[in-house]
Amino acid sequence: MKEYYFSTNKMCVGYDNKPLIREVEITLPKGEILSLIGPNGAGKSTVLKSIAGQLQLIGGAVYFGDDRLGEMKTSELAKKMSVVFTQKVTAEMKNCRDVVATGRYPYTGWFGVLSGEDERIVDEVMELTHTAEIRHQEFDKISDGQKQRVMLARAICQEPELVILDEPTSFLDIRYKLDFLSILQELRDKKGLTVIMSLHELELAKLVSDKILCLKGEFVERYGTPEEIFESDFIERLFDLKEGGFLKNEKLSGYIRQISSQP
Ligand SMILES: Nc1ncnc2c1ncn2[C@@H]1O[C@H](COP(=O)(O)OP(=O)(O)OP(=O)(O)O)[C@@H](O)[C@H]1O
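Summary of the structure given here. From a predicted model like this one, the values you see are computed outputs, not experimental measurements.

Quick notes on the overall build of the protein
Piece 1. Along the protein, the regular secondary structure elements total 11 helices and 11 strands.
Piece 2. Principal-axis analysis of the C-alpha atoms places the extent of the protein at approximately 60 × 45 × 35 Å.
Piece 3. Out of the 263 residues belonging to the protein, those deemed buried represent 50%.
Piece 4. Counting every atom, the protein has about 13300 Å² of accessible surface; 51% of that belongs to carbon and sulfur.
Piece 5. Of note, the protein has its 35 positive side-chain charges centred 2 Å away from the centre of its 42 negative side-chain charges.

Right, dumping it as structure tokens:
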């Protein structure tokens, strides 16, 4: 029996059989939030695609408890995990509520007919994610930030145990960034949702995460709690901030000190 809800064992990820990151070891209890941070091109999306089963592993394994990804039935996986990637999504002619409702597909059977209970869950999740007010708008005509919230609602509708999100807050304004992350925390605290996501906003990663995985180069740079990651000058080193001319700017270097130091 595995101790962790989600884990990887010597996971090696990359493209065309060429390793990009080797020996990734993640151990995550149920109901924790893991954020992936690192410079552009470090491999955050690649790791997320690999653990979501969208990109074949080059080596090692991914486990949900004792079950190994790749040996699980697709239908079983769809009830456990939902995935939200940021690439532009289109949904011709569908209104936002229709898009959210497609999140119920693991439960609706062949014809996708929603039961009364499915309808109730769709409405409840749209309230929770502040998407109810745009329910009748055509999905293709809302803003990118609104789309991100609708796609989160769709993922939550699936009632997953684990949600995987690639840069979920990238198009959101500060209010909705905070709103979005507090929804994730609420789902973690009330429903035991486990979250794995990539984030560019370091100060938010520090606030919201239980664990942080730092990527840079061929091996994982560091994996630990926010306290372990945001200590001394590790963040400056992770993002190569030592040399930048902007460090001569007092306000900008003050900002970096602020996000790097302990709360
Ligand atoms: N389909 C692909 N085939 C080959 N290489 C790819 C493919 N997609 C991404 N890469 C490469 O893999 C590396 C990691 O990319 P990835 O998108 O995982 O980084 P990231 O950390 O998510 O970056 P960002 O912060 O810019 O979104 C990059 O060098 C990228 O060029």
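Things to note about the pattern of salt bridges
Piece 1. Taken as a whole, this structure holds 18 salt bridges when the rule is applied.
Piece 2. Between Arg104 and Glu159 there is a salt bridge, and its shortest N-O distance comes to 3.3 Å. With Arg104 in the loop between helix H3 (96–101) and helix H4 (105–108) and Glu159 in the loop between helix H6 (144–157) and strand S8 (162–166), this residue pair connects regions lying 55 residues apart in the sequence.
Piece 3. By relative accessible area, Glu159 is classed as partly exposed at 38%.
Piece 4. What you see here is one network of salt bridges that share partners, running through Arg97, Glu119, Asp123 and Arg135.

Section: the nonpolar core
Piece 1. Within the largest apolar cluster, 48 residues are counted, with the highest numbers of intra-cluster contacts made by Ile37, Leu165, Leu184 and Met197.
Piece 2. Examining the composition of this core, we find that 7 residues originate from one element, H6, more than from any other.
Piece 3. Here Met197 is in contact with Ile33, Leu34, Ser35, Leu36, Leu48, Leu165, Pro168, Leu181, Leu184 and Val208, once residues within four sequence places are set aside.
Piece 4. Among the nonpolar cores identified, the runner-up in size contains 27 residues, and Phe6, Val13, Ala52 and Leu69 belong to it.

What about unusual backbone geometry?
Excluding glycine, residues mostly carry a negative phi; peptide bonds, for their part, are mostly trans.
Piece 1. A positive phi is found at Asp16, a non-glycine position, where the angle reads about 50°.
Piece 2. Relative to the assigned elements, Asp16 resides in the loop between strand S1 (6–15) and strand S2 (18–24).
Piece 3. The exposure class of Asp16 is exposed, given its relative accessible area of 71%.

Concerning the environment of Leu57
Piece 1. By the element assignment, Leu57 lies in the loop between helix H1 (44–51) and strand S5 (59–64).
Piece 2. As a C-alpha pair, Leu57 and Ser45 span 12 residues in sequence and 14 Å in three-dimensional space.
Piece 3. Leave out the neighbours within four places in its chain, and Leu57 touches Met11, Cys12, Val13, Ser50 and Val62.

Some details on the packing of helix H5 (residues 116–128) against H6
Piece 1. Between H5 and H6, the shortest axis-to-axis distance is 9 Å and the interhelical angle comes to 140°. With respect to H6, the axis of H5 lies oblique. As H5 packs across H6, the resulting crossing turns out to be right-handed. Side by side, H5 and H6 meet where Ile121, Val122 and Val125 of the first sit next to Ala153, Ile156 and Cys157 of the second.
Piece 2. Taken together, the residues of the contact of H5 with H6 break down into 6 nonpolar, no polar and no charged.

Here we look at the site of the ligand
Piece 1. Taken together, the neighbourhood of the ligand is formed by Tyr15, Leu20, Pro39, Asn40, Gly41, Ala42, Gly43, Lys44, Ser45, Thr46, Glu167 and His200.
Piece 2. Taking Ser45, its side chain carries an N or O atom lying 2.9 Å from an oxygen atom of the ligand.
Piece 3. Per element, the largest residue contribution to the shell around the ligand is 3 residues, and it comes from H1.
Piece 4. Its residues placed into classes, the shell around the ligand shows 4 nonpolar, 6 polar and 2 charged.

Let's talk about the environment of Met197
Piece 1. Within the secondary structure layout, Met197 lies in strand S9 (residues 194–198).
Piece 2. A relative accessible area of 0% means that Met197 is categorised as buried.

Cut-offs applied
- Residues numbered from 1 in each chain as written.
- Predicted model: local features only at pLDDT ≥ 70, side-chain atom pairs only at ≥ 80, totals over all residues.
- Heavy atoms only, no water.
- Helix = DSSP H or I, 4+ residues; strand = E, 2+ residues; numbered from the N terminus.
- Buried < 20%, exposed > 50% of the residue type's maximum accessible area, 1.4 Å probe, protein only.
- Areas by Shrake-Rupley, 256 points an atom, 1.4 Å probe, with all protein chains shown as cover.
- Lys, Arg positive; Asp, Glu negative; His and termini not counted.
- Charge placed at Lys NZ, Arg CZ, Asp CG, Glu CD.
- Salt bridge = Lys/Arg side-chain N within 4 Å of Asp/Glu carboxyl O.
- Core = buried A, V, L, I, M, F, W, Y, C linked by side-chain atoms within 4.5 Å.
- Contact = heavy atoms within 4.5 Å.
- Axes fitted to C-alpha atoms, helices over the stretch in contact; angles between N-to-C directions.
- Parallel < 35°, antiparallel > 145°, perpendicular 65-115°, else oblique.
- Left-handed = near helix turned anticlockwise from the far one by under 90°.
- Nonpolar A, V, L, I, M, F, W, Y, C, P; charged D, E, K, R; others polar.
- Near = heavy atom within 4 Å.
- Polar contact = N/O pair within 3.5 Å; in protein donor to acceptor, adjacent residues only side chain to side chain.

Limitation: the analysis is restricted to geometry and does not speak to function.
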